[in-house]
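Single-letter residue listing:
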Amino acid sequence: MIRVEIRPDWIVRDASGEPTALPALLGLLLAVSELGSISKAATARGMSYRHAWGMLQQFSAQFGVELVHKVRGKGTVLSPLAEKLMWADRRIHARLTPTLDSLASELQQELARVLIGDAQVLRLTASHGFAVAALVTQLNEHGVTVDINYRGSSDAVAALARGECDLAGFHLPVGELEGAAAAKYRSWLDPERHALLHLAYRMQGIFVAKGNPKGVTGLADLARHDLRFVNRQKGSGTRVLLELLLADRGVDAAVINRSGTAEFTHAAVAAYVASGMADVGFGVETAARRFDLDFIPVIRERYFLACDVGALDTPLLTLAQAAMASGAFREVLSALPGYDGALSGDRLDLHFLF
């Protein structure tokens, strides 16, 4: 089976208009940041010290600013410009990856139809997240071709109701807010027609900069006028959850995001906070850890994949459920910060919700 990948790339030109070879530089800067040494970074990137040093000097000359410098007791560290270049690359990937992955999936299916005819494809619609990405990888390894379409939870279950996908991802908080959250999806999910596969438990909470310089302690702080908050897009399950949590605490959701800024993934929210463009965000713990942010746990939730009851015994969904329930996949999920994959692949009906 062929695989199609599309990755974002970006170009910075110097004053003369010449493009810079950013991918090579960014890889070297990442290694320097992690290893604290140009020589170790060069070895890790498979280049000589002379070549690595020459690259750093070349770019420093182009930008007119040093990219690395020595700090006693810390070795070689990145300059503010180098840190900003690293952040920009991570934010570009966080913002564009869902769109590019969806497009890659479409192209892969079209090519597969030409190469192998009417091959069966599992259509998965879900928000872009760490467990979903891990599931797509696991399914591919089990020989299941996945047509992934990244959308918010509301759009996902609506797509299932219209017959546009085989599995639709959405999530619900554990505890007293479960019923109110489930009601948001009632118009699309039918207990007689649909069933659920448990994907994972995960922890949602508040993202703040390392060391929590603004002294954020909980959701009530989001209404503070000195805090810049970055939200998720309308229709996302995380935004639905956050608004329910705020209402439960008597906080007006309209006052927490005065700028109107919204991002489409947990990683993009984390990147926004890590850049210093916002003081606080809300999302899953894995995103916070990957961007070296502090995380304040707020609520545990369950991520489900909804499907038609009649489709559960089809070869595709049987294979998908087996892949989810495998010990290898459960270990992958449980290794993600804030995730628990112990029940992955378990089947539930919808009557316990509606």
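Rules used throughout
Residues numbered from 1 in each chain as written. Predicted model: local features only at pLDDT ≥ 70, side-chain atom pairs only at ≥ 80, totals over all residues. Heavy atoms only, no water. Helix = DSSP H or I, 4+ residues; strand = E, 2+ residues; numbered from the N terminus. Rg over C-alpha atoms; globule rule 2.2 N^0.38 Å. Buried < 20%, exposed > 50% of the residue type's maximum accessible area, 1.4 Å probe, protein only. Contact = heavy atoms within 4.5 Å. Lys, Arg positive; Asp, Glu negative; His and termini not counted. Charge placed at Lys NZ, Arg CZ, Asp CG, Glu CD. Phe/Tyr/Trp six-rings, centres within 6.5 Å; stacked < 30°, edge-to-face > 60°. Lys NZ or Arg CZ within 6 Å of the ring centre and 35° of its normal. UniProt positions renumbered as here; feature names shortened; annotations may be inferred. Domains from an automatic or database assignment. Buried area = accessible area lost by both parts, 1.4 Å probe. Salt bridge = Lys/Arg side-chain N within 4 Å of Asp/Glu carboxyl O. Polar contact = N/O pair within 3.5 Å; in protein donor to acceptor, adjacent residues only side chain to side chain. Nonpolar A, V, L, I, M, F, W, Y, C, P; charged D, E, K, R; others polar.

**Regarding the overall build of the chain**
Right, so step 1: Counting its secondary structure elements, the chain contains twelve helices and twelve strands.
Right, so step 2: A compact globule built from 354 residues would reach a C-alpha radius of gyration of about 20 Å, and the chain, at 22 Å, matches this within 12%.
Right, so step 3: Its C-alpha atoms give the chain principal-axis dimensions of roughly 65 × 55 × 35 Å.
Right, so step 4: Looking at the 354 residues of the chain, the share that counts as buried comes to 51%.
Right, so step 5: Within the chain, contacts between residues at least 6 apart in sequence are counted, and of these 73% link residues at least 24 apart.
Right, so step 6: In the chain, which carries 36 positive and 38 negative side-chain charges, the distance between the mean positions of the two groups comes to 6 Å.

**As for the packing of aromatic side chains**
Geometry of an aromatic ring pair is reported as the spacing of the ring centres plus the angle between the planes.
Right, so step 1: Following the criterion strictly, the structure yields four aromatic pairs and no others.
Right, so step 2: Relative to Phe63, the ring of Phe59 lies with its centre 6.3 Å away and its plane at 25 degrees, an arrangement referred to as stacked. Here Phe63 and Phe59 lie together in helix H3 (residues 49-63), a separation of four residues that amounts to about one turn.
Right, so step 3: Since its relative accessible area comes to 2%, Phe59 is described here as buried.
Right, so step 4: Ring geometry for Phe170 against Tyr185: centres 5.1 Å apart, planes inclined by 55 degrees, an arrangement best described as tilted. Here Phe170 is found in strand E5 (residues 167-173), whereas its partner Tyr185 is found in the loop between helix H7 (178-183) and strand E6 (194-208), with 15 residues between them in sequence.
Right, so step 5: Its relative accessible area of 1% is what places Tyr185 among the buried residues.
Right, so step 6: Among the aromatic residues, those joined into a ring-pair cluster are Phe170, Tyr185 and Phe304.
Right, so step 7: Residue placement shows Lys84 over the ring face of Trp87; its charged tip is 4.9 Å from the ring centre.
Right, so step 8: The ring of Tyr201 has Arg300 sitting right over it, with the charged end atom 4.0 Å from the ring centre.

**So, the environment of Gly338**
Right, so step 1: The topology assignment puts Gly338 in the loop between helix H12 (327-334) and strand E11 (339-340).
Right, so step 2: Residue classification places Gly338 among the partly exposed residues on the basis of a relative accessible area of 29%.

**Concerning the UniProt feature "domain: HTH lysR-type" (unreviewed entry) in the chain**
Right, so step 1: Following the UniProt record, the feature "domain: HTH lysR-type" (unreviewed entry) maps to residues 26-81 here.
Right, so step 2: Counted over residues 26-81, helix gives 61% and strand 14%. Its end C-alpha atoms are 12 Å apart.

**Thoughts on the domain arrangement of the chain**
Right, so step 1: When cut into domains, the chain gives domain 1 (1-118) and domain 2 (120-353).
Right, so step 2: Centre-to-centre, using C-alpha coordinates, domain 1 lies 28 Å away from domain 2.
Right, so step 3: At the interface, 17 residues of domain 1 touch 22 residues of domain 2.
Right, so step 4: Both faces considered, domain 1 and domain 2 share a buried interface measuring about 1,500 Å² in area, 53% of it formed by carbon and sulfur atoms.
Right, so step 5: Seen at the junction of domain 1 and domain 2, the total is two salt bridges.
Right, so step 6: The interface formed by domain 1 and domain 2 holds six residue pairs in polar contact (both at pLDDT 80 or more) in total.
Right, so step 7: Grouping the amino acids of the side of domain 1 that touches domain 2 by side-chain chemistry returns four nonpolar, five polar and eight charged.

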